[in-house]
Amino acid sequence: MFSGLRDVDWASMHHAYGSAEEVPALLEALRSPDAKERGQALSDFYGKVHHQGDVYPSTTASLPFLLELAVDPATPDRDRIVALLLSIAEEAVERCEIDYVDADFAGAAAFLRAHAEAFVDLAGDATCRVRQAAIPGLGLLLDDASRAFDLLQDRSAMEFCLLERLLVTQTTVTLAQRLPVIIPAARAWLAGLAADPAGEPEFRLAALIHQARCAPDAISDDLVPAVIGLLREIADAAPPEQPWPEPPPVAPPAADVPPFVAAAFEDLERIDRRHALTTDLLRTLHALLNARVPQRTDLLVEQLRSPYPGARLDAIRMASDLVGAWRGDHSALIRLVAAQLGGSNLEVAAEAATLLEKHYAIAEPARETMAALLTGYGPDGWATPRRHLRRLHQKTAVALARLGDVRALPSLLMALDSDVDAWLAVQVAGALPQAADQLVPRLHDRLSSADLSKEWPSNPRGILSALAKLGDSSALPTITETLVAAAERQNWDVVKAALTALRASGPAAAPALAAIRSLVAVDDTWTRSEAVSTLWAVGGDRDEVLPLSLALLDTFALREAAEVLGQIGPPAAAALPRLRELLADRYEWNRVYAAAAIWDIEGEPETPVVLNTLLQAWRQNPATGNHVAACLKRMGSAAAPALPHIRAELARPGRGGRFGGVDNDEEMLRDLTEVLLID
């Protein structure tokens, strides 16, 4: 075993984290009798030698030894070694025709194709898991299309397990896409499997969906009804719903781990889970249907009615993908998701609440359902040690707060008073200005006790943001004190947050002007920019602010400076020459901000050049849409030449706007609709 392993010049190669000298030890550990050692070695190999799908020369040099492990029946966990080989193969075959620096996709693909017969043998291995791991190799590595297709058909027989046969249908499409000569035969065979009443509905479903993958441009309107029929067959055969085991109670994160970081890792871990056998198939179908929102909605309605909790949970995630990517009237789907909040399976309910919180901008149809849930559990639900119930309650409360509904207040107060996940409550406290009398004192106390020398746990930036949105002048002295203390420590992130909070108060923050003025000449450009913006909002002295803003036009904070100059309006005409220069800037964001400022300063005489700049940048980068739409709204009837572009955007099914988020897209659509109404 491993003959020649030490003869390879591993020191001359590298992996993701440095020298590849450790690779021989990793390979040897993969054969260890100790399961823990094997698991760690496999994890290290994925993390270093096959990092995020990369294939280095050291990865290719490992392949002969990995293959030797895979074909030896004495190797423990052979299926995991085969799966590793196929993971490398997938990346190598897909990317082998592109020359990447420091990569060897072509070399790995060539080696694995040259040893395709080993995968034929492994796909016929006596061990089921090894066969399952190896089957994708028949579609990836064999160059004889007819032989590969015959082998796949042989492995679709009923004596093989369902998971194995599902892989066969998927691998058939991989083969057909790589070697299109067999597409007609593959489609006909898969159609036959889909129509065979002797097959399990899951197998027929796989055949039906993968047949559609062979010819995605030929998908008919009959596909979704046929899929729904098979889902109902699966549902009819489902056993009665059983309670899922309660997970361990919530434990506080380690002292040196910020809670939001711990929460992000928990979310990542959840995202990777699959709870139903049909999940990947249905995800594939949703990807095929793409912009066919009505058909995808019909499919999701059926998925959300499944008697199996895992199928509903996975369907909620697919629903999140749909409403997050595509516009439309999603109210019926939102109500159906909201109905899951009251179900007996708390993990499914928590997933539903997660969708509503993420897409709160379209969660209005769920408002009353969410409020009823919070009332039913009471505010103590926020801090319960029960993991799924806590997530359900917190996500629901946050979503309801984002809608500006004061019925979320008891939960937020529980968080702030108990200090259990208070960071989440702080994030949304600013959405409830009608409860400022109860929220501001609590936020004030947190801000007063914040340790400005630490980023966490007493992070004041979120508190400052919440206070800015609540707009209560009683907090201004503490905000100013925080600004001064943070400036002394050169904690510029906190300084900028405090300036933003003062800016939101406008002239009411005038007692802070001295502290603001002290920051307009600091070395940190972003802080200087925030200070100038705040100075204008609070002091309103254009003679003071104009030269400071003009100076910032020659820094990388030029967009923020342009915004202030636009707010100053016609008296900022001295900025026009520089702003016109920026209309030719390579970066579209700079052009958009410059054009908007030119309009705000000069008005209608600049209409043609402003519209031309805005629309060109918008076409180049849809993320500028929110800023463009806001400027078009300010332009009023002068934006009439842009109406065809606006109508085209409103008719487009895919979401756009800043970061493609639902809230930003919905805001952009409202602004664009207002422009149409002005016309």
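Let me begin by describing the structure that accompanies this report. (Residues numbered from 1 in each chain as written. Predicted model: local features only at pLDDT ≥ 70, side-chain atom pairs only at ≥ 80, totals over all residues. Heavy atoms only, no water.)

**Quick notes on the overall build of the protein chain**
Then, number 1: Within the protein chain, the secondary structure is distributed over 37 helices and two strands.
Then, number 2: Here the C-alpha coordinates of the protein chain stretch approximately 80 × 60 × 55 Å along the principal axes.
Then, number 3: When burial is assessed residue by residue, the protein chain has 53% of its 679 residues classed as buried.
Then, number 4: Nonlocal contacts in the protein chain, meaning residues at least 24 apart in sequence, comprise 66% of its contacts between residues at least 6 apart. (Helix = DSSP H or I, 4+ residues; strand = E, 2+ residues; numbered from the N terminus. Buried < 20%, exposed > 50% of the residue type's maximum accessible area, 1.4 Å probe, protein only. Contact = heavy atoms within 4.5 Å.)

**Description of the state of the cysteines**
Then, number 1: Enumeration according to the criterion identifies zero disulfides in this entry.
Then, number 2: In this model C161 remains outside any disulfide bridge; the closest cysteine sulfur is found in C128, 3.5 Å from its own. (Disulfide = S-S within 2.5 Å.)

**Here we look at helix 33 (residues 588–602)**
Two residues of an α-helix separated by three or four positions point the same way, owing to the 3.6 residues in each turn.
Then, number 1: In a regular helix each residue adds 1.5 Å, so 15 residues correspond to 21 Å; helix 33 covers 21 Å between its end C-alpha atoms and thus fits that length.
Then, number 2: With its phi angle positive at about 80°, G603 sits one or two positions after the end of helix 33. (Expected span 1.5 Å × (residues − 1).)

**Section: the packing of aromatic side chains**
Then, number 1: Enumeration over the complete set of coordinates arrives at six aromatic pairs.
Then, number 2: On the basis of an interplanar angle of 85° and a centroid distance of 5.7 Å, the ring pair of F149 and W189 is categorised as edge-to-face. Taken as a pair, F149 in helix 9 (residues 145–154) and W189 in helix 11 (residues 183–195) lie far apart in primary sequence, 40 residues in all. Each member of the pair F149 and W189 is classed as buried.
Then, number 3: Judged by centre distance (6.3 Å) and plane angle (45°), the ring pair of W589 and Y593 falls under tilted. With W589 and Y593 both in helix 33 and four residues apart, the pair spans about one turn of that helix. (Phe/Tyr/Trp six-rings, centres within 6.5 Å; stacked < 30°, edge-to-face > 60°.)

**Points about the pattern of salt bridges**
Then, number 1: Tallying each qualifying case throughout the model produces 48 salt bridges.
Then, number 2: Salt-bridge contacts for R391 lead to E351; the nearest nitrogen and oxygen are separated by 3.3 Å. Residue R391 is located in helix 21 (residues 387–402), and its partner E351 is located in helix 19 (residues 346–358); the two are separated by 40 residues in the primary sequence.
Then, number 3: The exposure class of R391 is buried, given its relative accessible area of 10%.
Then, number 4: In this structure, D600 engages R634 in a salt bridge whose closest nitrogen and oxygen atoms are separated by 3.0 Å. Within this pair, whereas D600 is found in helix 33, its partner R634 is found in helix 35 (residues 625–635), the two being separated by 34 residues in sequence.
Then, number 5: Under the relative-accessibility criterion, D600 is labelled partly exposed at 24%.
Then, number 6: Exposure remark for R634: the relative accessible area of 44% places this residue in the partly exposed category. (Salt bridge = Lys/Arg side-chain N within 4 Å of Asp/Glu carboxyl O.)

**Here's the deal with the packing of helix 15 (residues 279–289) against helix 16 (residues 293–303)**
Then, number 1: Contact pair helix 15 / helix 16: the axes reach a minimum separation of 10 Å and the direction vectors enclose 160°. Between helix 15 and helix 16, the angle is such that the two are roughly antiparallel. Between helix 15 and helix 16 the crossing geometry is left-handed. Residues L282, L285, H286 and L289 of helix 15 form the contact with helix 16, whose participating residues are Q295, R296, L299, L300 and Q303.
Then, number 2: Of the residues assigned to the contact of helix 15 with helix 16, the class counts are five nonpolar, three polar and one charged. (Axes fitted to C-alpha atoms, helices over the stretch in contact; angles between N-to-C directions. Parallel < 35°, antiparallel > 145°, perpendicular 65-115°, else oblique. Left-handed = near helix turned anticlockwise from the far one by under 90°. Nonpolar A, V, L, I, M, F, W, Y, C, P; charged D, E, K, R; others polar.)

**Observations concerning the environment of E347**
Then, number 1: In this structure, E347 sits in helix 19.
Then, number 2: Here E347 falls in the buried class, since its relative accessible area comes to 8%.
Then, number 3: Residues E347 and G324, spaced 23 residues apart in sequence, show a C-alpha to C-alpha distance of 21 Å.
Then, number 4: The residues touching E347, leaving out its near neighbours within four places in the chain, are W244, R273, H275, L313, H388 and R391.

**Details of helix 13 (residues 223–236)**
Then, number 1: Between the first and last C-alpha of helix 13 there are 20 Å, a value that for 14 residues agrees with the 20 Å anticipated at 1.5 Å per step.
Then, number 2: Those residues of helix 13 that sit buried are L223, V224, V227, I228, L230, L231 and I234. Burial along helix 13 is one-sided: seen end-on, the buried residues are contained in an arc of 165°. (Arc of directions from axis to C-beta.)

**Here we look at the side chain of R559**
Then, number 1: Relative to the elements of secondary structure, R559 occurs in helix 31 (residues 558–568).
Then, number 2: There is no salt bridge for the buried R559, and the closest opposite charge comes from E560, which lies 4.9 Å off by N-O distance.
Then, number 3: In terms of polar contacts, R559 uses its side chain to reach the side chain of N590, at 2.7 Å.
Then, number 4: Leaving out residues up to four positions away in the same chain, R559 has contacts with Y587, W589, N590 and Y593. (Lys, Arg positive; Asp, Glu negative; His and termini not counted. Polar contact = N/O pair within 3.5 Å; in protein donor to acceptor, adjacent residues only side chain to side chain.)

**Some remarks on the packing of helix 13 against helix 16**
Then, number 1: Where helix 13 meets helix 16, the closest approach of the two axes is 10 Å, and the angle between their N-to-C directions is 5°. Here helix 13 lies roughly parallel to helix 16, going by the angle between them. Here helix 13 contributes V224, V227, I228, L231 and R232 to the contact with helix 16, which in turn contributes Q295, D298, L299, E302 and Q303.
Then, number 2: Grouping the constituent residues of the contact of helix 13 with helix 16 by class yields five nonpolar, two polar and three charged.

**Brief notes about unusual backbone geometry**
Then, number 1: Positive phi values are uncommon outside glycine, yet Q52 reaches one of about 50°.
Then, number 2: Note that Q52 resides in the loop between helix 2 (35–49) and helix 3 (57–71).
Then, number 3: On the accessibility criterion, Q52 (72% relative accessible area) is exposed.
Then, number 4: The backbone of N290 shows a phi angle near 50°, a positive value even though the residue is not glycine.
Then, number 5: Topologically, N290 is positioned in the loop between helix 15 and helix 16.

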